[in-house]
Amino acid sequence: MRTAGKVLGVIGIVMLLLVVGVTTWLVLQVRASFPQTGGALSVPGLASPVQVVRDNWGVPQIYAETSADLYFAQGFVHSQDRFWEMDFRRHITSGRLSEMFGEGQVKTDKVLRTMGWRRVAEREFPNLLPESRANLEAYTRGVNAYLGERPGGAKLSFEYVVLGLTNPDYVVEQWDPIDSLAWLKALAYDLRGNDSDETSRALISEKFGFPQTEVLYPAYPFDRHKPIVMAGEVVNGKFDQNAGPTTVAAQAAALPRGPAVTAAFTAVNAAYRQLETVLGKSGAEIGSNNWVVSGQNTTTGKALLANDPHLAPMMPSIWYQMGLHCVKLSDSCPYDVTGFTFGGMPGVFSGHNQDIAWGITNTGPDVVDQYLEKLRGDTAIYDGKPEPLRILNTVIKVAGGADVPLKVRESRHGPIMSDVYDEAEATAVSAPVPAPGQDPALAKEPRGDGYAVAMRWTALNPGTTFDAITLLNKARTYEEFRRAADVFVVPAQNLVFADSEGNIAYQTPGEIPIRKGYDGRYPVPGWTSDYDWTGYIPFEALPAVKNPESGWIATANQAVIGPQYQYFLSHDTAYGARSQRIMDLITGKLANGGKISPQDMGSIQLDAWSQAADYLLPYLGSLPVSSQAAQSRALFQGWDLQQSMYSAPAAYFNAVWKSLLKNMFGDRLPAGEGANSGDRWFEVVRNLLQDPDNAWWQTSDGAKGRDAVLTESLNEADVLVRGLLGNDPEKWRWGALHQLTIQNLTLGKSGIAPIEWLFNRGPFDVAGAGSAVNATGWDYTGDDFAVNWVPSMRMVVNMADLDSSQYINLTGASGHTFNRNYNNQNPLWRQGETIPWPSSPQGVDAVAVRRLTLNPG
């Protein structure tokens with residue numbers, strides 16, 4: 001017995017030593033990549049010393065004597081905190097994920113190579129301003145200086161240690177300027193517009209017909225939700241904000257597609273969904289909020305500007321806070337800017353300098369069209385003649401596997417996206433059925449070898465958006481702000497503006513196509529020139545407003561302007577639930593001579609009022625539900641419609657909303673279509689409530705009619721929430737259902753629990769919901785209420801005292817797991833709090849906790 005006890009004791013000691021050894025190894029490996037943030041470093045490539053000052057949150061402010069050293073240091077510092085993220089992103093934009101993660105990413109790479117983001121960026125670079133190219137090249141030298149200091153992936157980020165377990169041959173490559181520039185294409189894709197809506201309309205119309213499809217894509221409710229620009233027309237080629245009021249007009253006729261091309265459109269739909277696995281959720285209803293209030297309406301006497309972009313949550317956050325400061329401002333070093341940046345890209349994307357502030361939301365213009373091409377071999381028919389397709393033969397290298405050859409084909413309209421999925425080779429069973437308004441002769445066109453779908457998208461033209469970032473960062477006046485907006489071609493963003501002189505403004509930028517004979521809602525024939533774009537809307541004709549009489553401007557991805565505007569922008573914006581709520585809160589604050597404070601701006605960002613509940617609850621009160629559902633329904637009495645994480649009625653209502661959408665639409669729609677709780681569905685259901693016998697009022701088990709479907713949804717929701725949260729409705733909490741897990745987009749989705757534990761954080765209870773101002777969206781088609789888009793950052797700029805401005809990031813500055821700044825802002829983000837945003841030398845010095853000097857090597 002004593003011998004057995006000794007043996008067990010020895011085994012215990014060995015196990016303990018193993019645990020201690022593994023833990024020690026893990027700690028050493030994790031900490032090996034933590035950057036030096038204090039003291040001094042000798043860095044080859046700098047001309048003069050650079051100071052990097054970090055606050056308690058790890059946010060760096062960089063001070064340099066020249067622009068070259070400033071952007072060099074930005075590349076160096078980004079690499080210190082975020083190089084794994086940067087490396088992952090450049091593999092996305094070049095379609096080389098399989099080189100890192102193996103055969104599981106081949107389909108994603110096929111989609112990316114076919115679109116050709118990096119190919120476009122390579123053509124774009126030579127056309128940029130000399131200053132922009134110089135900034136990109138300096139940034140690149142800074143990244144590579146950091147890589148030279150830390151050879152081998154393990155010293156760059158712990159993810160490389162884990163990657164080495166399955167891909168030991170992976171080698172980190174040198175950075176180049178195209179790696180930075182190509183990221184703008186990923187942003188443009190995330191905010192691209194209505195390409196998936198086009199394909200979904202085509203597939204839905206084949207199954208249910210044109211009238212029922214249009215029910216799911218209602219007209220924008222101009223009578224209830226105001227657009228961004230509330231007046232104005234184009235006069236003599238220029239937009240005049242005082243030319244006339246917005247009026248309601250009929251929407252353009254739709255152009256449905258026929259059943260012959262289902263395979264091609266299904267393929268394209270699958271290709272777009274594939275990219276969500278690496279870029280996160282996207283769509284028109286995943287937008288942003290920004291608004292600006294002039295000094296006449298604020299407690300500070302100067303303008304206040306708020307911004308919170310809504311994007312898929314990821315670890316680390318897509319944003320990186322930073323300040324870029326020339327020690328002495330001059331024509332050769334004109335930067336004194338701070339705000340939110342992207343790891344891997346020079347400059348500040350949203351923020352302020354000492355003279356102006358700007359914020360961004362997605363405009364959502366229709367800048368993508370799907371062209372149905374008639375193919376004969378490697379040619380496409382165009383106006384009766386075959387045109388050779390452009391062919392690119394490329395090879396996808398696969399870690400641990402064989403190379404995969406890929407043939408990329410492009411028509412005059414763009415890449416053939418339906419080629420990506422083998423099962424989607426379009427067949428020539430019959431020509432598309434002509435849509436209303438199309439020439440019936442189209443049905444008699446001779447058959448080719450088959451049909452394919454090409455994507456025409458403005459982001460696939462070499463553009464100048466990086467020039468816009470350069471110009472915005474150093475702009476000092478409204479005129480210079482507009483000069484930057486003029487070259488902000490894609491992704492088109494709603495730009496709100498404030499300056500130190502008291503001006504506020506809004507500008508629609510972007511390269512937005514002019515179409516003839518169609519409105520972009522449905523795919524169109526590519527074999528005729530009738531549907532070619534005829535140009536782009538001139539910048540001077542795009543909607544803009546400066547110093548409106550109201551003294552405020554608010555955007556939240558709603559319609560930019562009313563239907564009187566002579567150019568077509570989009571049918572597929574958000575439907576105005578968030579924007580109108582923001583407007584109502586602003587006007588409520590200003591009623592009877594009131595003023596808006598910086599604190600009020602932050603409070604508006606956190607508003608979680610439910611528009612859907614506001615109109616749906618009156619229809620639910622008298623339905624004959626089960627006794628348990630009736631008990632749950634009693635929660636709605638006296639509810640303020642706010643969806644806080646502690647709200648019991650919010651928990652039940654969102655379960656009812658989920659059950660309702662699942663019952664009505666569920667598996668009846670194409671994969672991924674409508675899989676969110678956004679405000680298009682608010683409008684769809686609102687309209688259908690007035691049509692109780694519409695065919696959409698039916699469930700999979702046979703219930704038909706509005707009241708029957710609503711009753712079944714109330715009962716199902718009650719069963720669902722009781723199963724998740726217990727039988728006492730008074731103890732239910734929305735946050736217990738509505739939870740956020742922040743995932744590393746690579747290893748955090750490995751399916752291996754210990755590895756996911758290393759990199760992911762959560763789940764956390766959160767407030768808000770899809771298309772509330774505090775937009776924390778969720779997927780109604782899923783099994784839960786997990787959050788899939790969020791306010792990725794929040795900021796409020798105070799032009800009266802820039803050092804008192806506030807901001808917050810979703811996670812933290814560091815991309816290194818277990819670093820103290822990895823997720824330290826998230827607890828404040830969840831509670832709606834912010835952190836100080838100093839930008840003056842005195843303000844930065846007051847909060848400094850770490851100082852690093854980069855000396856010339």
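The model shown is predicted, which means the values in this text are computed figures rather than measured ones.

Let's talk about the sheet that holds strand E11 (residues 356-362)
Part 1 of the argument: In space, the eleven strands of this open sheet follow the order E1-E32-E2-E3-E8-E9-E10-E11-E18-E19-E23, with mixed pairing throughout. Looking at strand neighbours, the two that pair on one side only are strand E1 (39-43) and strand E23 (544-546), the edges of this open sheet. Going across the sheet, the axis of each strand differs from the next one's by a mean of 15 degrees, ignoring polarity.
Part 2 of the argument: Pairing geometry for E11 and strand E18 (residues 493-499), over seven bridges, is antiparallel. Within E18, the residue paired with Ala-357 across the bridge is Ala-498.
Part 3 of the argument: Along the sheet face, helix H2 (residues 67-93) touches E1, strand E2 (50-55), strand E3 (60-64), strand E8 (320-326), strand E9 (336-341) and strand E32 (848-856) and points at about 160 degrees away from the line of E8.

Brief notes about the packing of aromatic side chains
Part 1 of the argument: On inspection of all chains with the given rule, the structure shows 43 aromatic pairs.
Part 2 of the argument: Judged by centre distance (4.8 Å) and plane angle (80 degrees), the ring pair of Trp-84 and Tyr-160 falls under edge-to-face. Within this pair, whereas Trp-84 is found in helix H2, its partner Tyr-160 is found in helix H7 (residues 158-166), the two being separated by 76 residues in sequence. For the pair Trp-84 and Tyr-160, a shared accessibility class is recorded, and that class is buried.
Part 3 of the argument: Their ring planes at 5 degrees and their centres at 4.5 Å tell us that Tyr-807 and Trp-837 sit as a pair that is stacked. You can see Tyr-807 sitting in strand E30 (residues 806-809) and its partner Trp-837 sitting in the loop between strand E31 (835-836) and helix H25 (841-847), a full 30 residues away along the chain.
Part 4 of the argument: Overall, the relative accessible area of 0% leaves Trp-837 in the buried class.
Part 5 of the argument: Across from the ring centre of Tyr-217, 4.1 Å away, lies the NZ or CZ of Arg-201, which sits over that ring.
Part 6 of the argument: Across from the ring centre of Phe-764, 3.9 Å away, lies the NZ or CZ of Arg-830, which sits over that ring.

Focus on the confidence of the model for the chain
Part 1 of the argument: Mean pLDDT over the chain works out to 90, with 88% of the residues at or above the 70 mark.
Part 2 of the argument: Overall, residues 246-260 carries pLDDT values under 50, and its contacts beyond four positions in sequence, including any with other chains, amount to 59 contacts.
Part 3 of the argument: Note that residues 423-448 has pLDDT below 50 and, in this model, 56 contacts with residues that lie over four places away or in other chains.

Overview of the packing of helix H17 (residues 611-620) against helix H19 (residues 648-664)
Part 1 of the argument: Contact geometry for H17 and H19: axes closest at 12 Å, N-to-C directions at 80 degrees. With respect to their mutual orientation, H17 and H19 come out roughly perpendicular. Packed against H17, whose contacting residues are Ala-612, Ala-613, Tyr-615, Leu-616, Leu-617 and Leu-620, the element H19 presents Phe-653, Val-656, Trp-657 and Leu-660 at the interface.

Structural notes on the nonpolar core
One broad trend across soluble globular proteins is that nonpolar side chains are buried collectively.
Part 1 of the argument: Among the nonpolar cores identified, the biggest contains 153 residues, and Ile-62, Met-115, Trp-117, Trp-319, Phe-349, Trp-457 and Leu-854 are the most heavily contacted of them.
Part 2 of the argument: Ranked by size, the runner-up nonpolar core spans 51 residues in total, among them Phe-636, Ala-655, Phe-682 and Ala-769.

Regarding the packing of H19 against helix H21 (residues 706-725)
Working note: a packed helix pair is described by the angle between its axes plus the distance between those axes.
Part 1 of the argument: Here H19 crosses H21 at 125 degrees, and the two axes come no closer than 8 Å. The orientation of H19 with respect to H21, classified from their angle, is oblique. The hand of the H19/H21 crossing is right-handed. Across the interface between the two elements, Ala-651, Tyr-652, Ala-655, Val-656, Lys-658, Ser-659, Leu-660, Asn-663 and Met-664 from H19 touch Val-709, Leu-710, Glu-712, Ser-713, Leu-714, Glu-716, Ala-717, Asp-718, Leu-720 and Val-721 from H21.
Part 2 of the argument: Split into classes, the residues belonging to the contact of H19 with H21 amount to twelve nonpolar, three polar and four charged.

Details of the environment of Gly-401
Part 1 of the argument: Relative to the helices and strands, Gly-401 is located in the loop between strand E15 (390-396) and strand E16 (404-410).
Part 2 of the argument: Under the relative-accessibility criterion, Gly-401 is labelled partly exposed at 39%.
Part 3 of the argument: Along the sequence, Gly-401 and Glu-103 sit 298 residues apart, while their C-alpha atoms lie 6.8 Å from each other.

Cut-off values and rules
Residues numbered from 1 in each chain as written. Predicted model: local features only at pLDDT ≥ 70, side-chain atom pairs only at ≥ 80, totals over all residues. Heavy atoms only, no water. Pairing = 2+ DSSP bridges. Helix = DSSP H or I, 4+ residues; strand = E, 2+ residues; numbered from the N terminus. Axes fitted to C-alpha atoms, helices over the stretch in contact; angles between N-to-C directions. Contact = heavy atoms within 4.5 Å. Phe/Tyr/Trp six-rings, centres within 6.5 Å; stacked < 30°, edge-to-face > 60°. Buried < 20%, exposed > 50% of the residue type's maximum accessible area, 1.4 Å probe, protein only. Lys NZ or Arg CZ within 6 Å of the ring centre and 35° of its normal. pLDDT = per-residue confidence, 0-100. Parallel < 35°, antiparallel > 145°, perpendicular 65-115°, else oblique. Core = buried A, V, L, I, M, F, W, Y, C linked by side-chain atoms within 4.5 Å. Left-handed = near helix turned anticlockwise from the far one by under 90°. Nonpolar A, V, L, I, M, F, W, Y, C, P; charged D, E, K, R; others polar.

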